[in-house]
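Understanding the architecture of this molecule
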Amino acid sequence: MITNEALKKIMEDVKKRNPGEPEFHQAVSEVLESLEPVVAKYPEFIEKGVIASVVEPERIIKFRVPWVDDKGVVQVNRGFRIQFNSAIGPYKGGLRFHPSVYEGIIKFLGFEQIFKNSLTGLPIGGGKGGSDFDPKGKSDAEVMRFCQSFMTELAKHIGADTDVPAGDIGVGAREIGYLFGQYKRLRNEYTGVLTGKGLTYGGSLARKEATGYGLCYFTAEMLKDAGDSFEGKTVVVSGSGNVAIYATEKATTLGGKVVAMSDSNGYIYDKNGVDLDAVKAIKEGRRGRIKEYLDVHPEAEYHEGCSGIWTVKCDIALPCATQNEIDEASAKALLANGVKVVAEGANMPSTPEAIRAFQEAGILFGPAKAANAGGVATSALEMSQNSMRYSWTFEEVDAKLHNIMVDIYRNASSAAEEFGMRGNLVAGANIAGFMKVARTMLAYGVC
Ligand code: NDP
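Before going into details, it helps to say that this report is about the structure given with it.

Before going further, it helps to spend a moment on the pattern of salt bridges. Under the defined criterion, the tally for this structure stands at 27 salt bridges. Salt-bridge contacts for Asp-263 lead to Lys-283; the nearest nitrogen and oxygen are separated by 3.0 Å. Separated by 20 residues along the polypeptide, Asp-263 in the loop between strand S7 (257–262) and strand S8 (266–269) and Lys-283 in helix H11 (residues 276–285) bring together distant segments of the chain. On the basis of relative accessible area, Lys-283 is assigned to the buried category, the value being 16%. The partner of Arg-286 in a salt bridge is Glu-292, and the shortest N-O contact between them spans 3.1 Å.

See the structure below:
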């Protein structure tokens, strides 16, 4: 709960200015609560308007995306790009294509991105974008026409030194290819305006793996500090998209056994350990459903509904699907089954009540802003390689990613300690991410 009067007033204003956007309110409230000890020590962040400014996007771009489906019918979607904060670098953050997308979702994601990007130690500001378009069930040609229309408007607002979007839910290699191709055609320039690109046109090795791998590097660092490791642990990973697949891959390499994965319909449980090649064939290969896993592994179980995955007994839970997927009841089910570590691969997958339950139980909890920052960090490494017109090997990028994740853990951990909240990585990540942005904003004066 926020107790500082000035922060309370800022929170009230955020609610008034952004009605009907509960995800954004939730994200701001969590950050403001963490900043209480910071403003007690540095009142200038309130007095000079830094916090009031940081909760207000620099720019909101909202546009119509008309496209023609395979039957020749015109469809109209809505596109967004929220350029939230460019204090420490060009806006950077993914594009999400999912029917649940509206302004509040993009705002919450863009806001979180500011602090996450700052935590990486790299020069990137915060932004996010997307559309309520659903790529599921669409043909490649429909997805291409949608992406071309989306980029026709977006191209007016982005650029390699201005705003560099990437993928997120529903935006993978196929969509990035169509978007980049259209940008290049419209602007007649070949610049690193998007990240997550294919390897033949400026993509970085290890970008695909980065968020999932980074999540496991972060988790391994939390475990190491507690004198433990992944070795011999049972792991549950929700989702079966980009983050979930590579989190599963790295958790397994580090000695864990992943026994459950999911999609928005249901989850699989394989007590022998999930066969990741089978999941990749279903999800990356033919864009199928997770229940098809039973076609190759009839000995495994499939359960309808995605929240049931949190009733599977595990030592480590890695939520990698979507926001608010772990509520209080799911958190309690995990705790009752003896979970020792929860680290967030998805953005804001735990509700505030769930986070409180984990913190009260004293388990290790890695918040998304810190734990899933490996994706955007590697996107920034892709930007560096594009600027140099040069590419690093997989091993070089992976080693840099590993170092970045270790540093993020250390910085979040020491910020929590400095402000009297030892072990509270939620507060530590918010504070460490905020300080760099806030000091920079102060340096610029009112702008
Ligand atoms: P993908 O689209 O590749 O995969 C998303 C996965 O989550 C799919 O398995 C999807 O199932 C499932 N899912 C989506 N919506 C829901 C829902 N409402 N309920 C249950 N399951 C759902 O996305 P990513 O893996 O890229 O992203 C996953 C999360 O990680 C998101 O929160 C994203 O913001 C975050 N993230 C991603 C980064 C990246 O580099 N890709 C970087 C940092 C964070 P289905 O196929 O049925 O829709």
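Resuming the write-up.
Here we come to the state of the cysteines. According to the stated counting rule, one finds 0 disulfides in the structure shown. There is no disulfide at Cys-216, and the cysteine sulfur nearest it, in Cys-320, is 7.7 Å away. Residue Cys-216 is classed as buried on the basis of its relative accessible area, which comes to 0%. Here Cys-306 stays free of any disulfide, with the sulfur of Cys-320 as its closest cysteine sulfur at 14 Å. Judged by its relative accessible area of 35%, Cys-306 is partly exposed.

To continue, consider the layout of surface pockets. In this structure, the second largest pocket occupies an estimated 420 Å³ of space. Lining the second largest pocket are 16 residues, with Glu-30, Glu-33, Arg-356, Gln-359 and Val-426 positioned closest to its centre. Ranked by residue count, the leading element in the lining of the second largest pocket is helix H2 (residues 22–34), at 5 residues. Here the lining of the second largest pocket is composed, by residue class, of 7 nonpolar, 6 polar and 3 charged.

Taken together, 26 residues sit near the ligand, with Asp-168, Thr-211, Ser-264, Arg-289 and Asn-347 positioned nearest. The separation between an oxygen atom of the ligand and a polar main-chain atom of Ser-240 is 2.9 Å. A distance of 3.0 Å is found between an oxygen atom of the ligand and a backbone nitrogen or oxygen belonging to Val-243. Burial of the ligand by the protein amounts to 84% of the accessible area it has alone, namely 900 Å².

If you look at the biggest cluster of nonpolar residues, it comprises 56 residues, and the most contacted ones within it are Phe-218, Met-261 and Leu-318. The leading source of residues in this core is helix H9 (residues 207–225), at 8 residues. The residues contacting Phe-218, other than those within four sequence positions of it, are Gly-366, Ala-370, Ala-371, Met-405, Ile-408, Tyr-409 and Leu-425. Grouped together as the second largest cluster of nonpolar side chains are 41 residues, Leu-7, Leu-35, Phe-108 and Phe-111 included.

Attention shifts here to the packing of aromatic side chains. Applying the stated criterion across every chain yields a total of 20 aromatic pairs. Ring geometry for Tyr-42 and Phe-45: centres 5.6 Å apart, planes at 45°, overall tilted. No difference in accessibility class separates Tyr-42 from Phe-45, as the two residues are buried. When the ring of Phe-358 is compared with that of Phe-365, the centres are 5.7 Å apart and the planes differ by 25°; the resulting orientation is stacked.

With that out of the way, let us pick up the side chain of Asp-270. Take Asp-270: it is sitting in the loop between S8 and H11. For Asp-270, the residues in contact, after removing those within four places along its chain, are Val-258, Val-259, Tyr-293, His-297, Glu-299 and Ala-300.

Next up on the list: empty space enclosed by the protein. Scanning all chains against the criterion turns up 1 cavity of 30 Å³ or more. Taken as a whole, the largest cavity holds about 100 Å³ of empty space. Taken together, 13 residues line the largest cavity, and the ones lying closest to its centre are Glu-30, Glu-344, Pro-367, Ala-368 and Lys-369. Elements with a minimum of two residues in the lining of the largest cavity: helix H15 (368–371) and helix H18 (425–444). Looking at the lining of the largest cavity element by element, the count peaks at 3 residues for H18. Class assignment for the residues of the lining of the largest cavity results in 7 nonpolar, 2 polar and 4 charged.

Unlike most non-glycine residues, Ala-206 shows phi in positive territory, near 75°. Within the fold, Ala-206 resides in the loop between helix H8 (173–187) and H9. Classification of Ala-206 as buried rests on a relative accessible area of 6%. Although it is not a glycine, Asn-324 adopts a positive phi angle of roughly 55°. Checked against the element boundaries, Asn-324 lands in the loop between strand S10 (316–318) and helix H13 (328–336). According to the relative accessible area criterion, Asn-324 is partly exposed, its value standing at 29%.

Cut-offs used in this document
- Residues numbered from 1 in each chain as written.
- Predicted model: local features only at pLDDT ≥ 70, side-chain atom pairs only at ≥ 80, totals over all residues.
- Heavy atoms only, no water.
- Salt bridge = Lys/Arg side-chain N within 4 Å of Asp/Glu carboxyl O.
- Helix = DSSP H or I, 4+ residues; strand = E, 2+ residues; numbered from the N terminus.
- Buried < 20%, exposed > 50% of the residue type's maximum accessible area, 1.4 Å probe, protein only.
- Disulfide = S-S within 2.5 Å.
- 1 Å grid on protein atoms, 1.4 Å probe; cavity = no way out; pocket = protein on both sides within 12 Å on 5 of 7 lines; lining within 4 Å.
- Points joined across faces, edges and corners; volume = space filled by probe spheres on them.
- Nonpolar A, V, L, I, M, F, W, Y, C, P; charged D, E, K, R; others polar.
- Near = heavy atom within 4 Å.
- Polar contact = N/O pair within 3.5 Å; in protein donor to acceptor, adjacent residues only side chain to side chain.
- Areas by Shrake-Rupley, 256 points an atom, 1.4 Å probe, with all protein chains shown as cover.
- Core = buried A, V, L, I, M, F, W, Y, C linked by side-chain atoms within 4.5 Å.
- Contact = heavy atoms within 4.5 Å.
- Phe/Tyr/Trp six-rings, centres within 6.5 Å; stacked < 30°, edge-to-face > 60°.

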